[in-house]
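Take a look at the letters that make up each chain.
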Amino acid sequence: MSKIRRIRLKTKKYIPVPGTSPGSIQLYEDALKPQITVYSYNSDEFYSEKINSIDELEIQIEKHKELHRWIEVKGIGDADLLTYIEKKFSINKLVIEDIADCRQRPKLDEYEDYLFVVSRMLYVDEQLEIENEQVSFILFPKLLISFQENYSNNISPVINRLKGGKGNIRSAGSSYLLYALNDLILDNYFTLIYKLGDELETIEELLYRRADKSLMFQTQNIKREMISIRRAAWPERDKINDMIRSDSKLIGKTSRTYLKDTYDHTMQIIDLIENYKDLTTSLIDMNLTLISQRMNEIMKVLTIISSIFIPLTFIAGVYGMNFAIEDPKTGKFLNNNMPELYNENGYLYTMGGMLIIAIAQMIYFWRKGWLNKS
Amino acid sequence: MSKIRRIRLKTKKYIPVPGTSPGSIQLYEDALKPQITVYSYNSDEFYSEKINSIDELEIQIEKHKELHRWIEVKGIGDADLLTYIEKKFSINKLVIEDIADCRQRPKLDEYEDYLFVVSRMLYVDEQLEIENEQVSFILFPKLLISFQENYSNNISPVINRLKGGKGNIRSAGSSYLLYALNDLILDNYFTLIYKLGDELETIEELLYRRADKSLMFQTQNIKREMISIRRAAWPERDKINDMIRSDSKLIGKTSRTYLKDTYDHTMQIIDLIENYKDLTTSLIDMNLTLISQRMNEIMKVLTIISSIFIPLTFIAGVYGMNFAIEDPKTGKFLNNNMPELYNENGYLYTMGGMLIIAIAQMIYFWRKGWLNKS
Amino acid sequence: MSKIRRIRLKTKKYIPVPGTSPGSIQLYEDALKPQITVYSYNSDEFYSEKINSIDELEIQIEKHKELHRWIEVKGIGDADLLTYIEKKFSINKLVIEDIADCRQRPKLDEYEDYLFVVSRMLYVDEQLEIENEQVSFILFPKLLISFQENYSNNISPVINRLKGGKGNIRSAGSSYLLYALNDLILDNYFTLIYKLGDELETIEELLYRRADKSLMFQTQNIKREMISIRRAAWPERDKINDMIRSDSKLIGKTSRTYLKDTYDHTMQIIDLIENYKDLTTSLIDMNLTLISQRMNEIMKVLTIISSIFIPLTFIAGVYGMNFAIEDPKTGKFLNNNMPELYNENGYLYTMGGMLIIAIAQMIYFWRKGWLNKS
Amino acid sequence: MSKIRRIRLKTKKYIPVPGTSPGSIQLYEDALKPQITVYSYNSDEFYSEKINSIDELEIQIEKHKELHRWIEVKGIGDADLLTYIEKKFSINKLVIEDIADCRQRPKLDEYEDYLFVVSRMLYVDEQLEIENEQVSFILFPKLLISFQENYSNNISPVINRLKGGKGNIRSAGSSYLLYALNDLILDNYFTLIYKLGDELETIEELLYRRADKSLMFQTQNIKREMISIRRAAWPERDKINDMIRSDSKLIGKTSRTYLKDTYDHTMQIIDLIENYKDLTTSLIDMNLTLISQRMNEIMKVLTIISSIFIPLTFIAGVYGMNFAIEDPKTGKFLNNNMPELYNENGYLYTMGGMLIIAIAQMIYFWRKGWLNKS
Amino acid sequence: MSKIRRIRLKTKKYIPVPGTSPGSIQLYEDALKPQITVYSYNSDEFYSEKINSIDELEIQIEKHKELHRWIEVKGIGDADLLTYIEKKFSINKLVIEDIADCRQRPKLDEYEDYLFVVSRMLYVDEQLEIENEQVSFILFPKLLISFQENYSNNISPVINRLKGGKGNIRSAGSSYLLYALNDLILDNYFTLIYKLGDELETIEELLYRRADKSLMFQTQNIKREMISIRRAAWPERDKINDMIRSDSKLIGKTSRTYLKDTYDHTMQIIDLIENYKDLTTSLIDMNLTLISQRMNEIMKVLTIISSIFIPLTFIAGVYGMNFAIEDPKTGKFLNNNMPELYNENGYLYTMGGMLIIAIAQMIYFWRKGWLNKS
Ligand SMILES: [Mg+2]
Ligand SMILES: [Mg+2]
Ligand SMILES: [Mg+2]
Ligand SMILES: [Mg+2]
Ligand SMILES: [Mg+2]
Ligand SMILES: [Mg+2]
Ligand SMILES: [Mg+2]
Ligand SMILES: [Mg+2]
Ligand SMILES: [Mg+2]
Ligand SMILES: [Mg+2]
Ligand SMILES: [Mg+2]
Ligand SMILES: [Mg+2]
Ligand SMILES: [Mg+2]
Ligand SMILES: [Mg+2]
Ligand SMILES: [Mg+2]
Ligand SMILES: [Mg+2]
Ligand SMILES: [Mg+2]
Ligand SMILES: [Mg+2]
Ligand SMILES: [Mg+2]
Ligand SMILES: [Mg+2]
Ligand SMILES: [Mg+2]
Ligand SMILES: [Mg+2]
Ligand SMILES: [Mg+2]
Ligand SMILES: [Mg+2]
Ligand SMILES: [Mg+2]
Ligand SMILES: [Mg+2]
Ligand SMILES: [Mg+2]
Ligand SMILES: [Mg+2]
Ligand SMILES: [Mg+2]
Ligand SMILES: [Mg+2]
Ligand SMILES: [Mg+2]
């Protein structure tokens, strides 16, 4: 059994408690302790501050009010922090609940003073598992707060561009930063899909050589992974579209133009996924055909050998019968009993007959095309 | 045959009578006697009263008119009660008919003075059957009447929160209570789907080890259960959406905001169901492949053994023939008849020849890959 | 071959003549002679009159003009009657053509002075065939004319309610009568679907015990019947919806409210059909799996028996060879030729060897799980 | 191999030249020389004139300008004629190009002074091939020009009704004539579909008796023919709908009412096609099952015979072994060597034992149900 | 294994870098050096100029400002050129990025001063690979800039028509040129689809003669190619539709009329693709059936031969048993032991019995229809 695939779908299990009051924060057991960084910037200035406590955060929030700020929270396992943010920025309880409950679909929720955006960040982690991480954003006029489920570093390129300071990222406001992060998250979809596509092509090559159970399972797994990516990609597309069409003033004109580009990317992602999904379906179908075809081959071998030798064995069996030429009691000759056995060339004639039968059958099978390699 | 599944789909059979006048109450034979409780509450006060007769109900309805009230009816098997409520609150006959006929799809019907809402509550009961219970609601400005098909206790968490008295549930009006009950009902969908999902994963694990008829049937059953949950979930989604978009004044602003959260949940439910439905399809396909593959294995064993021994048996048969070396009548030697038998090493040569044939075939099968474990 | 199903799809064949002038009446050869009844009623009065000629009809039409009237026509095989009605009530030729050509889909056609409504009435007739009968309605302000293809009595419950005289049916006008008839027709769908569903459940039970060709065909037939019911149900739903949304004054407010209830029923019908259609698909798939699985079992029996006995037979064949221990001509002993045969316990050793081989194979098959019941 | 089907899909191959200037006329090699007839008519008068040259056409066009006229062109293989019509009536080049390029989908193109309508006329020709002929129409206020790809006579019923002179066809204007021709073309769809349906039913009957390769291919072919009819029917439906909803004054009110009737017919056509397509799918599935089931039967015969006789043959082989009861050299008796052979009733016991084994197996197979007819 | 197909899908692999700043030009490694030609024309004049440097381009752009101009760029592998064009014509960065990143879907992006149009040009190149080349257009009032990924000559017919100077192409403005190029690109789809269709028909013919693995793979490949063409054709259709419905003044009235014709072509393309896709599905299904049917044939041969000879061989085996007629020790005759062997005609009777058994079985198989050619 061949083993090609290395990437697996990471499975998570949540145990929701029905009937809890809406807006209450339900943390997962293994939710990570938050790591907070506050970035303050405009075209000219850039500050980055690691935060170790809610008090430090309070201080930092009151500083640099004239700049654009980004509060980056990695890990959501601290109910106090979430409650602090809820109170500090007058955020709806339901938003905080959604940040904590990492099963949200990508969406845009518009509130009067802020926007709430949820993204699903898909990538392959170091254990080669497909991680499906929730990233939530709250967008205020000059402030973006982001919440990541894990400590992963996928968004570091945007941080580097922010540090670097060129282009729109420092000048086009918080909604542009939100766009840049969403665009980056969706770029990671390409990386993931291409990786799965590579595995698929390896499987396809192997399939032509030898269809086996393991290839089948691996194809099925990639299909399921593609389906689960698609299940994230479609609402991502809808979300981006909602952001473009929203009449909220929080999303600047430049950001809107760039979001259209991201929309194109979501369409490309969906096209790619459909492509690979079709490919998996086609591979599974081929596999089934190959198994049937192989069965045909096995049966042909059996049938050819049996058909040739069973009749011959019968003939041999006939001449192995013990019908007596002479009555043991009377000594009388029983001339009808197998006189062939006493013919001078009986053996040669029999062997010759057998050869003719075998050759006739070979011709028959050859004509039916059973002797060709299929 | 392995038996993993324990949860079954409960089947009900209704025998409708075509042509009965619309709006007439048709009770099911096994409809339960109603158990009524009246809750009266506002932010400060909370009263709960068990009701034993229509007269007691009449009295209770006239009390506490300044508070919000919830008349909870469990069991719908009393036509008098339904008629009393119809008259008392001037409710359309069709609404009462729908409450009694527990086959309604989730829906919102808007009437001038009240809203009629139907939910399907899905859960696993003590007999491990999936119960699909109808819960109907009539919403007036300060009054909610709920009708449950059975005595099940699934909504007790909301009653506890109402007793507890914190949060919106006591202050945000009857439409919030309606929201809270609907949200709870939908939370139970998650519980059910996760339970089925667990069974599915057990089946998947077993499948890799051994595909059998029973696993196939159980997968098919889960698929059908998922489809029947989906058939409830889609109209639930539409109903919640109708409630959000309705311009009825009966649904308060707070309730509307919270209903959006419930809408998110219905979308998550649908995603989950699709996920598991895809998984069942994939398992069924794999099962079919595994059965074919197993057939191939069986055939290989047969073909290898037959192909090797049938020719050898033929050879043995040949040398078991009784062609005579000496004519019994004349005593003349018939030297062409099987001289091999009288060769000093005839036996050894023959056995050696057989061994060579067997080895040649083994090499052939090994080259074809039939000797590998597939 | 087991025979469970009794209900069959009735097939009709129409031979349309292309190019006939539109609006011309083309009667079917076996169209039934009309049986006409005129009902005249209001809340207080009720008259019912059997009509035997167009002249009698003319007289009856001129009577009771102050009451609501319903002209019930069963059987449409009289072009003169149809032409009389066309002229008398100034009805469009196309309407009359549609009444005569019983292949119409359910629809609502709005004309200035009247509405034309077509329903498909599905039910199981006495020959246990699914009858798909066209019922057409022309609705005037105080007059309903109905045309039934056959003499079937499915709508008698409405006639009884009309006679009984309680409820809206006598007071809410002709459009309510139209509603009541449509509702009844759709109630009959439930009866039909439940009957098919019962047959399906019987088949399902049998399937688990024994998959055979006949069960497969019967499932396929139910699937096709379900599809053909669905093909009537969807346009019925659209028609009812058109009637609800129509701004024609001919449909009263009460009737509209009740039609919403009928709309619910069409949705329930469609849900039921989808449910059973999914079930048929699932049964067909299971059947295929069971056939494959059965093949595996058959092959296992063959393979086990062949694999055990073919090698043993070979050994027996070897010791049945006639290699001579003594040269017949010279009398010289050929000691290499099958000395086993002359060993004191050769036979016992051989039989023991065979037993060991057989046991080894049994262990091999037992380990592969081939000896278990699958 | 049985041969039932007679109707075949006619295949045409066009070799388009990419990059030719739009609006240029590209005639097919085998395009037919046009046969032109001009009909001039109103309620009272009717003239029909065969035309042999463009000059004659010019003369005829200038005559009878007060009447409604219909220029019927059969065969489009004359670029001069097409160019003459383009210039004479100031028709857009693209229209003329579409008339010549007979691959157009059914459509309505609205121009300022005229409408351009394309229909696909499907019918079985004398060679029993399904012909898919393009019929194009240009509608002016009092003039209809029709272009048929071939000389087929399918539209003669309308010409006869025009000659006959009764009904709307002479009085309701050119758009009514256009309607009548379109309606006739669609009536021919019914004829075609019913013919294919008849073949399908013959195949279905045969299938129950014997599933073979040829039935499979023929079913597949009907399925493909149904799909190709559907591909014409859907855009026909859209076209008719466009004509009904168009606000062009060229389509009269009467014509619009009658077009709604034609719209009903397109819906019926689509329903019929879907019905038959479902039937083909179901037949293909059944065929596959029958093939599998037949395989099971074949295997059962093989397995029963092999299982019974292989063990018996082994036993016979054992007693055919030549273990010696007496040492040929020493004459010593070897009493362990096959003493059964020298038992007085050894043969009878052995044969009895064989019989018991055979009967035991028969019982086993009978219990498994393998001896029943499936 | 037969090899019919020659056309293959060309696969490209892009390695995107997530997180790069949007609007940055990322050239592919093997992007071609641009070849630039500037065409300047109006109804009377026509100039064509090959450009070898950005400086030459600058000069050429400033010349002939009164004429319509077309800057044709083949090969996009020069970031400087792209940046020059961006600056020179004040084009949005995102447009330039899309021109360089050749994975765009067909689309229309409307900017204030210009339109950005992306087409996918599909054709078979000299290596018989299906090339999927991006062609991008920027449309200004009197200027069209086109960017082709490769040096392919597919659009030369339009250049020739432009040189030729007849028709709208020289007079109807830049948007007409844009139309003409898009129309040509879509005409190439027909050529490609017809080529694949030809291969498909060859495969279909072969399939009826002999189903093999290679035909299956080739059909699957054509199916995938059809799907990938469809994936380009649908957004092409949407793009053309967007261009028709756009209210931009950049697209002239004539161009709009002609674009409707192109829209028709996209619909025809989609119809063709669906047709061929259905055909591939049907071929794959038939192939599977044929494989099963072939298995049946193989099994029949095996079963017939085995069923006839195995019982006969058993009988021969019985009479090859060595039960002794005479006790070797006592010389006593054991008369029950196989007296048949000492019957005068035992051999003839046995052979006769065998013949009868064989004939009986042949009749059985003939009745079951196993001896017919299927
Ligand atoms: Mg991007
Ligand atoms: Mg989703
Ligand atoms: Mg989705
Ligand atoms: Mg882009
Ligand atoms: Mg795109
Ligand atoms: Mg499949
Ligand atoms: Mg909830
Ligand atoms: Mg539903
Ligand atoms: Mg549904
Ligand atoms: Mg939420
Ligand atoms: Mg959600
Ligand atoms: Mg899906
Ligand atoms: Mg219909
Ligand atoms: Mg009803
Ligand atoms: Mg329909
Ligand atoms: Mg349908
Ligand atoms: Mg109801
Ligand atoms: Mg309903
Ligand atoms: Mg469904
Ligand atoms: Mg299937
Ligand atoms: Mg018609
Ligand atoms: Mg089409
Ligand atoms: Mg289509
Ligand atoms: Mg009609
Ligand atoms: Mg219709
Ligand atoms: Mg074109
Ligand atoms: Mg696409
Ligand atoms: Mg697509
Ligand atoms: Mg055209
Ligand atoms: Mg077209
Ligand atoms: Mg299939």
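Residues numbered from 1 in each chain as written. Chains lettered and ligands numbered in written order. Predicted model: local features only at pLDDT ≥ 70, side-chain atom pairs only at ≥ 80, totals over all residues. Heavy atoms only, no water.

### Describing the overall build of chain A
Now for step 1: Counting its regular elements, chain A contains nine helices and eight strands.
Now for step 2: Computed over its C-alpha atoms, the radius of gyration of chain A comes to 37 Å, more than 25% above the 21 Å expected for a compact globule of 374 residues.
Now for step 3: The buried share of chain A, reckoned over its 374 residues, is 61%.
Now for step 4: About 15200 Å² of surface is accessible on chain A, with carbon and sulfur atoms providing 52% of the total. (Helix = DSSP H or I, 4+ residues; strand = E, 2+ residues; numbered from the N terminus. Rg over C-alpha atoms; globule rule 2.2 N^0.38 Å. Buried < 20%, exposed > 50% of the residue type's maximum accessible area, 1.4 Å probe, protein only. Areas by Shrake-Rupley, 256 points an atom, 1.4 Å probe, with all protein chains shown as cover.)

### Side note on the domain arrangement of chain A
Now for step 1: Looking at chain A, the domain boundaries give domain 1 (11-289) and domain 2 (321-368).
Now for step 2: Placing the centre of domain 1 of chain A and that of domain 2 of chain A at their C-alpha centroids yields a distance of 84 Å. (Domains from an automatic or database assignment.)

### Observations regarding the environment of E:V135
Residues and elements named next belong to chain E.
Now for step 1: Its place among the elements puts V135 in strand β7 (residues 129-140).
Now for step 2: Of the residues examined, V135 reaches a relative accessible area of 4% and is grouped as buried.
Now for step 3: Spatially, the C-alpha atom of V135 lies 17 Å from that of K10, the residues being 125 residues apart in sequence.
Now for step 4: With near-sequence residues (within four places) excluded, V135 lies in contact with V117, V118, S119, M121, F147, Q148 and I185. (Contact = heavy atoms within 4.5 Å.)

### Thoughts on unusual backbone geometry
Now for step 1: The phi angle at A:H64 is positive, at roughly 50°, despite the residue not being glycine.
Now for step 2: Looking at where A:H64 falls in the secondary structure, it is placed in the loop between α1 (54-62) and β4 (68-74).
Now for step 3: Notably, D:L128 is not glycine yet its phi reads approximately 60°, a positive angle.
Now for step 4: Relative to the helices and strands, D:L128 resides in the loop between β6 (115-124) and β7 (129-140).

### Observations regarding the relation of the copies chain D and chain C
Now for step 1: Rotating chain D by 72° and translating it 0.0 Å along the rotation axis places it on chain C, where the RMSD comes to 0.1 Å. What the rotation and shift describe, once combined, is the action of a five-fold rotation axis. Every residue of chain D has its C-alpha some distance from the rotation axis, and the shortest such distance is that of D:G320, at 4.6 Å.
Now for step 2: Little of the interface of chain D is mirrored in chain C: 13% of its interface residues are interface residues there too. (Least-squares fit on C-alpha atoms with pLDDT ≥ 70 in both.)

### Re the relation of the copies chain A and chain B
Now for step 1: Superposing chain A onto chain B takes a rotation of 72° combined with a translation of 0.0 Å along the rotation axis, leaving an RMSD of 0.1 Å.
Now for step 2: By residue overlap, the copies meet through two different surfaces: only 16% of the interface positions of chain A are interface positions in chain B.

### A look at the interface of chain D and chain C
Now for step 1: Each partner contributes residues to the interface: chain D has 68 residues there, and chain C has 64 residues.
Now for step 2: Taking both partners together, chain D and chain C bury about 5900 Å²; carbon and sulfur atoms supply 61% of that area.
Now for step 3: Run the count over chain D and chain C and you get six salt bridges.
Now for step 4: In this structure, the salt-bridge partner of D:K368 is C:E297, at a minimum N-O distance of 3.9 Å.
Now for step 5: Our count for the chain D to chain C interface comes out at 21 residue pairs in polar contact (both at pLDDT 80 or more).
Now for step 6: Contributions of two or more residues to the side of chain D that touches chain C are made by α4 (156-164), α6 (174-209), α8 (253-318) and α9 (346-367) of chain D.
Now for step 7: Broken down by element, the side of chain D that touches chain C gets its largest block of residues, 31 residues, from α8(D).
Now for step 8: In the side of chain D that touches chain C, the residues fall into 30 nonpolar, 21 polar and 17 charged. (Buried area = accessible area lost by both parts, 1.4 Å probe. Salt bridge = Lys/Arg side-chain N within 4 Å of Asp/Glu carboxyl O. Polar contact = N/O pair within 3.5 Å; in protein donor to acceptor, adjacent residues only side chain to side chain. Nonpolar A, V, L, I, M, F, W, Y, C, P; charged D, E, K, R; others polar.)

### A closer look at the interface of chain A and chain B
Now for step 1: Every contact between the two is made by 64 residues of chain A and, on the other side, 69 residues of chain B.
Now for step 2: Counting each side, the surface lost to burial between chain A and chain B is near 5900 Å², with a carbon and sulfur contribution of 61%.
Now for step 3: Considering only the side of chain A, the residues that lose the most area to chain B are A:R105, A:R231 and A:Y347, jointly responsible for 12% of the buried surface there.
Now for step 4: If you look at where chain A meets chain B, you find six salt bridges.
Now for step 5: Close ionic contact of B:K332 with A:E344 constitutes a salt bridge, the shortest N to O distance being 3.7 Å.
Now for step 6: Here the side of chain A that touches chain B takes 16 residues from helix α8 (residues 253-319) of chain A, the largest share from any one element.
Now for step 7: Residue composition of the side of chain A that touches chain B, by class: 31 nonpolar, 16 polar and 17 charged.

### Quick word on the pattern of salt bridges
Now for step 1: Here the structure, examined in full by the defined rule, presents 92 salt bridges over all chains.
Now for step 2: Each of A:E58, A:E62, A:K65 and A:K88 takes part in one network of salt bridges that share partners.

### A few points about the arrangement of the chains
Now for step 1: One thing to see here is that chain A and chain C don't touch, and their nearest C-alpha atoms sit 9 Å from each other.
Now for step 2: A gap remains between chain B and chain E, which never touch, and the nearest two C-alpha atoms on either side lie 9 Å apart.

### Quick word on the coordination of the magnesium ion (ligand 21)
Residue and element names in this part refer to chain D.
Now for step 1: Surrounding the magnesium ion (ligand 21) are the protein donor atoms D183 (OD), D183 (OD), D187 (OD) and H265 (ND1), which sit 2.4 to 2.7 Å from the metal.
Now for step 2: Read in sequence order, the donor residues coordinating the magnesium ion (ligand 21) give the pattern D-x3-D-x77-H. Pair noted here: D183 is in helix α6 and H265 is in helix α8, with a separation of 82 residues, a long-range link. Of the two residues, D183 and H265, both sit in the buried class. (Donors = N, O, S within 2.8 Å, 3.2 Å for Na, K, Ca; no water.)

### As for the UniProt feature "transmembrane region" (unreviewed entry) in chain A
Now for step 1: Taken from the UniProt record, the annotation "transmembrane region" (unreviewed entry) applies to residues 301-325 and 345-366 of chain A.
Now for step 2: Each end of residues 345-366 of chain A is marked by a C-alpha atom, and these two atoms are 31 Å apart; helix forms 95% of the span and strand 0%. (UniProt positions renumbered as here; feature names shortened; annotations may be inferred.)

### Some remarks on the packing of aromatic side chains
Now for step 1: The tally for this structure, following the rule as stated, stands at 70 aromatic pairs over all chains.
Now for step 2: On the basis of an interplanar angle of 50° and a centroid distance of 5.6 Å, the ring pair of A:F309 and B:F314 is categorised as tilted. With one member in each of two chains, A:F309 in helix α8 and B:F314 in helix α8 (residues 253-318) form a pair that bridges those chains.
Now for step 3: Exposure remark for B:F314: the relative accessible area of 10% places this residue in the buried category.
Now for step 4: Between C:Y364 and C:F365, the ring centres sit 5.5 Å apart and the planes meet at 65°, which makes this aromatic pair edge-to-face.
Now for step 5: A residue is classified by how much of its surface remains accessible, and C:Y364, at 41% relative accessible area, is partly exposed. (Phe/Tyr/Trp six-rings, centres within 6.5 Å; stacked < 30°, edge-to-face > 60°.)

### Overview of the packing of α8(A) against helix α9 (residues 346-367) of chain A
Residues and elements named next belong to chain A.
Now for step 1: Packing of α8 against α9 leaves a shortest axis separation of 10 Å and a crossing angle of 160°. Of the possible angle classes, the one that applies to α8 and α9 is roughly antiparallel. The crossing of α8 and α9 is right-handed. Each of T303, I304, S307, I308, P311, L312, I315, A316 and Y319 in α8 lies in contact with α9, whose residues at this interface are T350, M354, I357, A358, Q361, M362 and F365.
Now for step 2: Among the residues forming the contact of α8 with α9, the class breakdown is twelve nonpolar, four polar and no charged. (Axes fitted to C-alpha atoms, helices over the stretch in contact; angles between N-to-C directions. Parallel < 35°, antiparallel > 145°, perpendicular 65-115°, else oblique. Left-handed = near helix turned anticlockwise from the far one by under 90°.)

### Remarks on helix α4 (residues 156-164) of chain A
Residue and element names in this part refer to chain A.
Now for step 1: Among all positions of α4, only V158, I159, R161 and L162 are buried. Along the axis of α4, the buried positions cluster into a sector of 160°, meaning they face one direction only.
Now for step 2: As for α4, its buried residues are in contact with β2 (35-41), β3 (46-51), β4, α5 (168-171) and α6 (174-209).
Now for step 3: Positive backbone phi, at 90°, marks G165, one or two positions downstream of α4. (Arc of directions from axis to C-beta.)

### Examining the side chain of D:T37
Now for step 1: Residue placement: D:T37 occurs in strand β2 (residues 35-41).
Now for step 2: On the basis of relative accessible area, D:T37 is assigned to the buried category, the value being 5%.

### Quick notes on the environment of B:E126
Now for step 1: With respect to the helices and strands, B:E126 occurs in the loop between β6 (115-124) and β7 (129-140).
Now for step 2: C-alpha of B:E126 to C-alpha of B:I325: the two residues are 199 residues apart in sequence and 86 Å apart in space.

### Remarks on helix α6 (residues 174-209) of chain E
Now for step 1: The terminal C-alpha atoms of α6(E) lie 54 Å apart, and with 36 residues this matches the ideal 52 Å at 1.5 Å per residue to within 8%.
Now for step 2: Among the 36 residues in α6(E), 27 count as buried, and that is most of the element. (Expected span 1.5 Å × (residues − 1).)

### Focus: a negative patch on the surface
Now for step 1: Together, A:D285, B:D285, C:D285, D:D285 and E:D285 make up a negatively charged patch on the protein surface.
Now for step 2: Judged by relative accessible area, E:D285 falls into the partly exposed class, the value being 31%. (Patch = residues over 30% accessible without salt bridge, like charges linked within 9 Å, V, L, I, M, F, W, Y side chains within 5 Å. Lys, Arg positive; Asp, Glu negative; His and termini not counted. Charge placed at Lys NZ, Arg CZ, Asp CG, Glu CD.)

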